[in-house]
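Chains, contacts and geometry: an overview
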Amino acid sequence: MNQIRLSKRLIKDLGLSIVKYAVIAAVMFFIAPAYHEYGHLFALKALGGDGYIVFFFNFSSLRSMVFSFLFPSGLCIPTEMPDAPYADLLINMMGGLGCGIMYLILAFAIGRMGKERTIEGYAALLSNSLIQLFYATIETLQAAGILTRRQFLDLTSLAIMAGFITGIYISKYHKHLKKLATQQTHQPALLNKEAQKA
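Quick look at the structure, then. What you see is a predicted model; the values in this text were computed from it and never measured.

All right, on to the overall build of the chain then. Regarding its fold elements, the chain presents seven helices and two strands. Along the chain, helices and strands appear, N-terminal first, in the series α-β-α-β-α-α-α-α-α. Burial analysis of the chain (198 residues in total) assigns 35% to the buried set. The contacts of the chain with a sequence gap of at least 6 include a subset with a gap of at least 24, amounting to 74%. Roughly 12200 Å² of accessible area belongs to the chain as shown, and the carbon and sulfur atoms make up 67% of that amount.

So this is what it looks like as structure tokens:
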């Protein structure tokens, strides 16, 4: 009976932590494209060009409308390209770089709090930051003509997976989960107390 109670508590705590991480990571992942495109637009205008962002909204149903406003996505459309050297490469790079740095700053701000209850947010932001930084590199290589469209798409998928895995590892979120499991499976005092009650 004691082991069953501990197992239920273990599953609950681990489950809540994983769900919290997954929700924060998903939200950050889906709102990233909007910030990403503003990074492109900022670089475009900073280098002397001009353009605008087109946001994609789906009005086919109420659910689609809500989803579109919660998780905006768009595309930076240049109307005037700057004459600056390597402008195209810099503009392509700044989307992921700008968004990645913003998430990185937020991640380290949360990480400095030093509280275990913030570990899920820290790990989620760090994961998304790395995804954007990896993507910035891939996007720049494609703009330089080094990658084909197929290679670009394949590497984008790898960047997403690598970002999440690396973020979890660097943030030590995996150790947090292990600690939760260890704390609840090695509690002789609690077991003895429960046994006495039984």
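Another point: the packing of helix H3 (residues 87-111) against helix H4 (residues 119-143). Two elements in contact, H3 and H4, have axes whose closest approach is 8 Å; the angle formed by their N-to-C orientations is 170 degrees. In terms of their interaxial angle, H3 and H4 are classed as roughly antiparallel. In the contact of H3 with H4, the residues fall into 17 nonpolar, nine polar and two charged.

Bringing the pattern of salt bridges into the picture now. Enumeration according to the criterion identifies three salt bridges in this entry. The closest approach of N and O atoms between Glu120 and Lys20, which form a salt bridge, is 3.8 Å. Linking Glu120 in helix H4 with Lys20 in helix H1 (residues 2-46), this pair joins segments that are 100 residues apart in sequence. Salt-bridge contacts for Asp154 lead to Arg150; the nearest nitrogen and oxygen are separated by 3.4 Å. Taken as a pair, Asp154 and Arg150 lie in helix H5 (residues 149-170) at a separation of four residues, close to a single helical turn. Since its relative accessible area comes to 40%, Asp154 is described here as partly exposed. Residue classification places Arg150 among the exposed positions, given a relative accessible area of 59%.

Relative to the assigned elements, Asn128 resides in helix H4. The class for Asn128 is buried, based on a relative accessible area of 2%. When sequence neighbours within four positions are dropped, the list of residues in contact with Asn128 reads Ala25, Met28, Phe29, Tyr103 and Phe164.

The next point concerns unusual backbone geometry. The phi dihedral of Tyr86 falls on the positive side, at around 60 degrees, and the residue is not glycine. Position of Tyr86 among the secondary structure elements: in the loop between strand E2 (73-80) and H3. Overall, Tyr86 belongs to the exposed group, its relative accessible area being 64%. With phi around 65 degrees, Lys172 is a residue other than glycine that occupies positive phi space.

This brings us to the packing of aromatic side chains. The tally for this structure, following the rule as stated, stands at five aromatic pairs. On the numbers, 6.2 Å between centres and 40 degrees between planes, the contact of Phe29 with Phe164 is tilted. Of this pair, Phe29 sits in helix H1 while Phe164 is found in helix H5, placing the two residues 135 residues apart along the sequence. We classify Phe29 as partly exposed; its relative accessible area is 28%. Pairing Tyr135 with Phe152 gives two aromatic rings, centres 5.7 Å apart and planes at 55 degrees, and the pair type is tilted. Linking Tyr135 in helix H4 with Phe152 in helix H5, this pair joins segments that are 17 residues apart in sequence.

Cut-off values and rules
Residues numbered from 1 in each chain as written. Predicted model: local features only at pLDDT ≥ 70, side-chain atom pairs only at ≥ 80, totals over all residues. Heavy atoms only, no water. Helix = DSSP H or I, 4+ residues; strand = E, 2+ residues; numbered from the N terminus. Buried < 20%, exposed > 50% of the residue type's maximum accessible area, 1.4 Å probe, protein only. Contact = heavy atoms within 4.5 Å. Areas by Shrake-Rupley, 256 points an atom, 1.4 Å probe, with all protein chains shown as cover. Axes fitted to C-alpha atoms, helices over the stretch in contact; angles between N-to-C directions. Parallel < 35°, antiparallel > 145°, perpendicular 65-115°, else oblique. Nonpolar A, V, L, I, M, F, W, Y, C, P; charged D, E, K, R; others polar. Salt bridge = Lys/Arg side-chain N within 4 Å of Asp/Glu carboxyl O. Phe/Tyr/Trp six-rings, centres within 6.5 Å; stacked < 30°, edge-to-face > 60°.

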